[in-house]
Amino acid sequence: MPASSRHHLVVVGGGFGGLQVVSALKGAPLDITLVDKRNHHLFQPLLYQVATTLLATSEIAWPIRRLYRDRPEVTTILGEVDDVDAGAKTIRLTNGGSISYDTLVLATGATHTYFGKDEWEAVAPGLKTLEDATTIRRRLLLAFERAEVETDPAVRQALLTFTIIGAGPTGVELAGIISELAHSTLPEEFRRIDTRTTRVILVEAGPRVLPGFSEDLSAYAHRALEKRGVEVRTGQRVTSCTEAGVTIDDNFIACRTMVWAAGVQASPAARWLGIEADRAGRAIVEKNLTAPGYPDIFIIGDTASVLQEDGAPVPGIAPAAKQQGAFVAKVIRARLNGQTEPAGFRYRHQGSLATIGKRSAIIDFGRFKMKGTLAWWIWGIAHIYFLIGTRSRFAVAWSWLWSYLSGQHSARLITQKEAMRDGPAQGGAEQ
């Protein structure tokens, strides 16, 4: 808690939106407390590259305290919020503590949802955190290791079958890189198995992959995935996930590694405040991004449901969260200075990008669209630009260049213990 009597802003969540609020208020006459349940900011757009062995965890995550070490008005708290008492103007932490505020920003993000099938999470992890990424990476690599020593052909094929559920950007990017890993990177490293017999299955309940893109770019992505050996199954639903495999409609496929990329659920911020939420749990906010009835509480990012002027929802992507964070900072600064607040938030779509694999990506800037190798280079440059710090930009650029020139992935390490399922051996080594 700040000792001064200055206005106290509490920001919950160290993602893109939360950090943008804090960064944009540099020099403002207030004290800021930033609360997050993890001690690092995560560049989620590249999280799948940690899961698929292209990047190390340290290349896409940065300690929050280090980011604000030169901002004495910013206090960082490692903690998890489980409720908001708007009447008392306090947030409550899971450890029993509480923090009072004058203004509150909830940027608490979202997690994956299994649409009532929460038991699937144990066998089909989602991809939202570094822990998720290292779990998927570990299972991916262990599958090849187990297949190398497996004598039963049926079990070996099950180990070499990977299913990704959901064909949004995360699912498409995962499928493309796993297929490249199996067909291009690993074949010469194993002696008893041919990793090129690996099956990568991408399942999408909707009619096409990447539904957020135009139909022509979606069709290109579909073709590019199949060219890489990915089995794309659109218009089909997963009805069961077990350790033995996955059932797609009525067809069972023996598969030991599954990844969930099919849906997200917002944090319970709307429930904390008792306000209306949409089907994904996102709090429906006012035009200035405040919670209805609570002008001192802002909700942004994946936690908020924000409509554009045409009635379409603002997408849950990093640029949108950063724009919302910058807008909220302007409102707070205007209030502190006794000035007129800016008009309601207006989202400026800066384009959608997705990569299908090495040398293949799609870009949609509305009237301007691009696909193929040049789009892949632009995609890479854009992501490097948004990374925090020169060191991270250099490290990621070098990892990508090495992978591009050598065909090798630099982060193929099994670093945590996990029993090899259906087998007595222990996989992994301790860090």
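Cut-offs used in this document
- Residues numbered from 1 in each chain as written.
- Predicted model: local features only at pLDDT ≥ 70, side-chain atom pairs only at ≥ 80, totals over all residues.
- Heavy atoms only, no water.
- Buried < 20%, exposed > 50% of the residue type's maximum accessible area, 1.4 Å probe, protein only.
- Helix = DSSP H or I, 4+ residues; strand = E, 2+ residues; numbered from the N terminus.
- Pairing = 2+ DSSP bridges.
- 1 Å grid on protein atoms, 1.4 Å probe; cavity = no way out; pocket = protein on both sides within 12 Å on 5 of 7 lines; lining within 4 Å.
- Points joined across faces, edges and corners; volume = space filled by probe spheres on them.
- Nonpolar A, V, L, I, M, F, W, Y, C, P; charged D, E, K, R; others polar.
- pLDDT = per-residue confidence, 0-100.
- Contact = heavy atoms within 4.5 Å.
- Salt bridge = Lys/Arg side-chain N within 4 Å of Asp/Glu carboxyl O.
- Axes fitted to C-alpha atoms, helices over the stretch in contact; angles between N-to-C directions.
- Left-handed = near helix turned anticlockwise from the far one by under 90°.
- Right-handed = clockwise from strand over helix to strand, strands pointing away.
- Core = buried A, V, L, I, M, F, W, Y, C linked by side-chain atoms within 4.5 Å.
- Polar contact = N/O pair within 3.5 Å; in protein donor to acceptor, adjacent residues only side chain to side chain.
- Disulfide = S-S within 2.5 Å.

Novice: I tried to follow the pairing of strand 24 (residues 360–364) on my own but got confused; where do I start?
Specialist: With five of five residues buried, strand 24 lies mostly within the body of the structure. Of the two faces of strand 24, the one holding Ser 360, Ile 362 and Asp 364 and the one holding Ala 361 and Ile 363 are both buried throughout. By the bridge criterion, five bridges tie strand 23 (residues 352–357) to strand 24 in an arrangement that is antiparallel. Paired with Ala 354 across the bridge in strand 24 is Ile 362. The antiparallel pairing of strand 24 with strand 25 (residues 369–372) creates a hairpin that spans four residues between the two strands, and Gly 366 there sits at a positive phi of about 90 degrees.

Novice: Help me understand the layout of surface pockets, please; the structure alone is not making it clear to me.
Specialist: If a probe the size of a water molecule is rolled over the atoms, the empty space left behind becomes visible. One number sums up the size of the second largest pocket: a volume of about 510 Å³. Every residue lining the second largest pocket is counted, 20 residues in all, and those nearest its centre are Val 306, Leu 307, Gln 308, Glu 309 and Phe 345. In the lining of the second largest pocket, the residues fall into 10 nonpolar, three polar and seven charged.

Novice: Looking at this structure, I do not really get the confidence of the model for the protein chain. What am I missing?
Specialist: Should the pLDDT be low somewhere, the predicted coordinates at that spot are not to be read in detail. The share of residues in the protein chain with pLDDT of 70 or more is 90%, and the mean pLDDT across the chain is 89. Low pLDDT (under 50) marks residues 419–431, which in the prediction has 29 contacts with non-local residues, meaning those over four places away or in another chain.

Novice: How should the pattern of salt bridges be read in this particular structure?
Specialist: Once the charged atoms of two side chains with opposite charge are near each other, the side chains can pair. Considering all chains together, one arrives at 14 salt bridges under this definition. Its salt-bridge partner being Asp 82, residue Arg 92 comes within 3.1 Å of it at the nearest N-O pair. Of this pair, Arg 92 sits in strand 7 (residues 90–93) while Asp 82 sits in strand 6 (residues 81–85), and the two are 10 residues apart along the sequence. Judged by relative accessible area, Asp 82 falls into the partly exposed class, the value being 29%. Arg 233 is paired through a salt bridge with Glu 231; the nearest N and O atoms lie 3.6 Å apart.

Novice: When you look at the packing of helix 1 (residues 16–24) against helix 9 (residues 318–336) in this model, what are you seeing that I'm missing?
Specialist: In a pair of packed helices, the angle between the axes and the distance between the axes together describe the arrangement. The interhelical angle for the contact between helix 1 and helix 9, taken along N-to-C directions, is 35 degrees, at an axis separation of 7 Å. You can see that helix 1 and helix 9 cross each other, and the crossing is right-handed. Facing Phe 16, Gly 17, Gln 20, Val 21 and Ala 24 of helix 1, the residues of helix 9 in contact are Ala 318, Ala 321, Lys 322, Gly 325, Ala 326, Val 328, Ala 329 and Arg 333. Its residues placed into classes, the contact of helix 1 with helix 9 shows eight nonpolar, three polar and two charged.

Novice: Got a minute to help me understand the pairing of strand 12 (residues 199–204) in this structure?
Specialist: Successive side chains on a regular strand alternate, one facing one side of the sheet and the next facing the other. Of all six residues in strand 12, five are buried, a share of seventy percent or more. For strand 11 (residues 161–165) and strand 12, the ladder comprises five bridges, and the chain directions are parallel. Of the residues in strand 12, the one forming a bridge with Thr 163 is Ile 201. With helix 6 (residues 169–185) bridging strand 11 and the parallel strand 12, this β-α-β connection has right-handed handedness. One ladder, built from five bridges, connects strand 12 with strand 13 (residues 230–234); its direction is parallel. Its bridge partner lying in strand 13, Ile 201 is registered against Glu 231.

Novice: It is not clear to me how the nonpolar core should be interpreted in this structure. Could you clarify?
Specialist: One recurring pattern in soluble globular proteins: nonpolar side chains tend to sit buried together. Within the largest apolar cluster, 63 residues are counted, with the highest numbers of intra-cluster contacts made by Ile 60, Phe 144 and Leu 202. Contact partners of Ile 60, with chain neighbours within four places excluded, come to His 41, Leu 42, Phe 43, Leu 46, Leu 47, Val 50, Leu 55 and Leu 130. One finds Val 12, Ile 297, Ala 329 and Ile 332 within the second-largest nonpolar core, a separate group that totals 51 residues.

Novice: Sorry, what's going on with the side chain of Thr 129 here?
Specialist: Following the sequence through the fold, Thr 129 ends up in the loop between strand 10 (110–112) and helix 4 (130–149). The buried category is assigned to Thr 129, whose relative accessible area is 14%. In this structure the side chain of Thr 129 is engaged in a polar contact, spanning 3.2 Å, whose partner is the side chain of Glu 131. In contact with Thr 129, not counting residues within four places along its chain, are Arg 38, Leu 42 and Leu 47.

Novice: How do you make sense of the sheet that holds strand 23 when you look at a structure like this?
Specialist: Hydrogen bonding along the main chain pairs the strands of a sheet, whether they run parallel or antiparallel. Read from one edge of the open sheet, three strands run 23-24-25, paired in antiparallel fashion. Sheet topology places strand 23 and strand 25 at the edges, where each strand pairs with a single neighbour. On average, each strand axis in the sheet is tilted by 10 degrees relative to the strand beside it, whichever way the strands run. Its contacts with the sheet put helix 10 (residues 373–386) on strand 23, strand 24 and strand 25, and the angle it makes with strand 25 is roughly 105 degrees.

Novice: Sorry if this is basic, but what is going on with the state of the cysteines here?
Specialist: In a disulfide, the sulfur atoms of two cysteines are held together by a covalent bond. Inspection of every chain in the model, using the stated rule, returns zero disulfides. Cysteine Cys 241 remains unbridged, with the sulfur of Cys 255 as its closest cysteine sulfur at 8.5 Å.

Novice: Can you walk me through the sheet that holds strand 11 in this structure?
Specialist: An order of 13-12-11-17 is seen for the four strands of this open sheet, with the pairing classed as parallel. Edge positions in the open sheet fall to strand 13 and strand 17 (257–260), since each of these has one partner strand only. With strand direction ignored, the average angle separating the axes of adjacent strands in the sheet is 15 degrees. For strand 11 and strand 17, the ladder comprises four bridges, and the chain directions are parallel. Considered in strand 17, the bridge of Thr 163 is made with Met 258. Against the sheet, helix 6 touches strand 11, strand 12, strand 13 and strand 17, its axis set at about 170 degrees to strand 12.

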